[in-house]
Amino acid sequence: MMRKKILLVFGTRPEAIKMAPLVKEFKKYTDAFLTKVCITAQHREMLDQVMDFFELTPDYDLNLMRPGQNLYQLTADVILGLKPILEDFCPDYVFVHGDTTTSTASALAAFYNRSHICHIEAGLRTYNKYSPFPEEMNRQITGRLTDIHFAPTEGAKQNLLKENVEDDKIVVTGNTVIDALFYATEKLKNYSDDEIRKLSGMIDLSKQIILVTGHRRENFGEGFKNICAALSEIAKNKEDVQIIYPVHLNPNVQDPVNKFLSNINNIKLISPLAYPAFIWLMNQSKIILTDSGGIQEEAPSLGKPVLVMRNTTERPEALTAGTVKLVGTDTEKIIREITLLLEDKEYYKSMQKVYNPYGDGKAAQRIVDSLK
Ligand code: UD1
Ligand code: UDP
């Protein structure tokens, strides 16, 4: 039997976390699949942290990241970088994930090579062209190029059906982020990690921990200024609170955060954490304040209330269940919502449910099964 040739392409931290379970699953079936991994390295350090933890070795590394890179150059570099790989390996199926520049540019390159395109985390939508930017259009464009849509939820499938995607081209699988979370949680049980040891020495666990992350392009400038103003106000007013903020390496984030939040006693600005340390920290936290997509999916499994610093979300399931709330980047609103969660025990409890709307840990298995 001829083996099917599979190429998985990814480039950023969240894509790597969510593609890692799929790489591992494909590699179990060496008789059915010849599996290769190409990293664009749209991210470098933040990607390598994930590759190390999941023990993944790429077959191709385009090594594209440049400090302060722009969307035009990166898009062109991904397409040109993939050309010789696609021509040489001639994959039957190219797997891309989600909504990054790597995903869309790779899907386009795969289309030029006439490979089948498989989209993981397909069908998420806000239908707002600029929010999140450029991710909403990235996933819509990728969706148009896709041959098999792996939708994480029934809601995502419904979005695709409304866009006239044929039913038999959509497979509902759950989100592989939950596979990754379960894998990491299991590994953490017997895991001794310097980063976690260092972190637990630095954090005062007798305080209420607020974990913050942020990186959305639409929040650059005014948005980040407002977020910093809210955090510094909360830190000043609430002595029993400790804010821990692993700061994304994008200079558009580093600059305002370091300018406005350095040297505040109960705010700790730290480097991006490797995945196990970040999960450990989410578990220690009382509240998570973020604009991240992936964290909105992980937090309900850990029973952590999330305030989302965005005006729209393509992940409505947790919003409907009431464990996630949109707060945008309005300083007063962020302060009000955090204060409410800190002071009103009943309200906090109502946002604290542990459940898994985004998956059951078997998404990668379902994806690979559907291709066997
Ligand atoms: C990218 C994705 C976004 C995703 C996010 C996850 C696009 C357009 N954006 O945004 O969808 O949600 O990743 O984090 O695809 N940098 C480093 N080291 C790293 C990573 C980034 O120094 O390991 C710095 C570099 O200066 C780089 C800059 O961050 O040029 C921006 O990286 P880029 O991938 O273009 O944008 P993100 O904001 O990370
Ligand atoms: N994450 C991590 N270290 C950190 C911050 C986040 O490993 O310091 C993980 C987090 O658990 C989630 C993913 O990175 O799985 C989210 O990435 P990000 O917020 O950068 O991107 P998004 O999900 O918004 O595309």
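How each quantity is defined
Residues numbered from 1 in each chain as written. Chains lettered and ligands numbered in written order. Predicted model: local features only at pLDDT ≥ 70, side-chain atom pairs only at ≥ 80, totals over all residues. Heavy atoms only, no water. Helix = DSSP H or I, 4+ residues; strand = E, 2+ residues; numbered from the N terminus. Phe/Tyr/Trp six-rings, centres within 6.5 Å; stacked < 30°, edge-to-face > 60°. Buried < 20%, exposed > 50% of the residue type's maximum accessible area, 1.4 Å probe, protein only. Lys NZ or Arg CZ within 6 Å of the ring centre and 35° of its normal. Arc of directions from axis to C-beta. Contact = heavy atoms within 4.5 Å. Near = heavy atom within 4 Å. Polar contact = N/O pair within 3.5 Å; in protein donor to acceptor, adjacent residues only side chain to side chain. Areas by Shrake-Rupley, 256 points an atom, 1.4 Å probe, with all protein chains shown as cover. Nonpolar A, V, L, I, M, F, W, Y, C, P; charged D, E, K, R; others polar. Disulfide = S-S within 2.5 Å. Core = buried A, V, L, I, M, F, W, Y, C linked by side-chain atoms within 4.5 Å.

Draft legend 1. Structural view of unusual backbone geometry. Cis rather than trans, the peptide bond between Ser131 and Pro132 has omega equal to -5 degrees. Inspection of the secondary structure assignment puts Pro132 in the loop between strand S5 (116-120) and helix H5 (135-145). Following Phe133, the chain continues into Pro134 via a peptide bond in cis, with omega recorded as 0 degrees. Inspection of the secondary structure puts Pro134 in the loop between S5 and H5. Despite not being glycine, Ala41 has its phi angle at roughly 55 degrees, a positive value.

Draft legend 2. Here's a closer look at the packing of aromatic side chains. One pass over the full model with this rule turns up eleven aromatic pairs. With 5.3 Å between their ring centres and 20 degrees between their planes, Phe54 and Tyr183 make a pair best called stacked. One end of the pair, Phe54, is in the loop between helix H2 (45-53) and strand S3 (60-61); the other, Tyr183, is in helix H7 (residues 176-189), with 129 residues separating them in the sequence. Classification of Tyr183 as partly exposed rests on a relative accessible area of 29%. Measuring from ring centre to ring centre gives 5.9 Å for Phe111 and Tyr112, while their planes differ by 45 degrees; the resulting arrangement is tilted. The class of Phe111 is partly exposed, set by a relative accessible area of 47%. Judged by its relative accessible area of 52%, Tyr112 is exposed. A connected cluster of aromatic rings, assembled from ring pairs, spans Phe26, Phe33, Phe95 and Phe150. It is Lys187 that lies over the ring of Phe53; its NZ or CZ is 4.6 Å from the centre.

Draft legend 3. Molecular detail of helix H6 (residues 154-162). Buried within H6 are the following residues: Ala156, Lys157, Asn159 and Leu160. Seen from one end, H6 has its buried residues packed into an arc of 155 degrees, which puts them on one side. As for H6, its buried residues are in contact with strand S6 (148-151) and strand S7 (170-172). One or two steps after H6, the chain reaches Asn164, where phi turns positive at roughly 70 degrees.

Draft legend 4. Focus on the site of ligand 1. Taken together, 24 residues are adjacent to ligand 1, and Gln42, His43, Arg66, Thr101 and Glu135 come closest. One of the side-chain N or O atoms of Arg217 is found 3.3 Å from an oxygen atom in ligand 1. When ligand 1 sits alone it has 750 Å² of accessible area, and the protein chains cover 95% of it. A class-by-class count of the residues in the shell around ligand 1 yields eight nonpolar, ten polar and six charged.

Draft legend 5. Region of interest: the state of the cysteines. If you walk through the whole model with that rule in mind, you get zero disulfides. Free cysteine Cys38: the closest other cysteine sulfur is in Cys90, separated by 14 Å. The exposure class assigned to Cys38 is buried, which follows from its relative accessible area of 0%. You can call Cys90 partly exposed: its relative accessible area is 39%.

Draft legend 6. Just the nonpolar core, in detail. Counting 60 residues, the largest nonpolar core has Leu8, Phe10, Leu22, Phe26, Phe95 and Tyr275 as the members making the most contacts within it. Among the nonpolar cores identified, the runner-up in size contains 30 residues, and Val212, Val247, Leu289 and Ile338 belong to it.

Draft legend 7. Spotlight on the side chain of Ser131. Within the secondary structure, Ser131 is located in the loop between S5 and H5. We classify Ser131 as buried; its relative accessible area is 12%. Within the structure, the side chain of Ser131 is placed 2.8 Å from the side chain of Thr312, a separation counted as a polar contact. When near neighbours in sequence (up to four residues on either side) are disregarded, Ser131 contacts Thr126, Glu136, Glu218 and Thr312.

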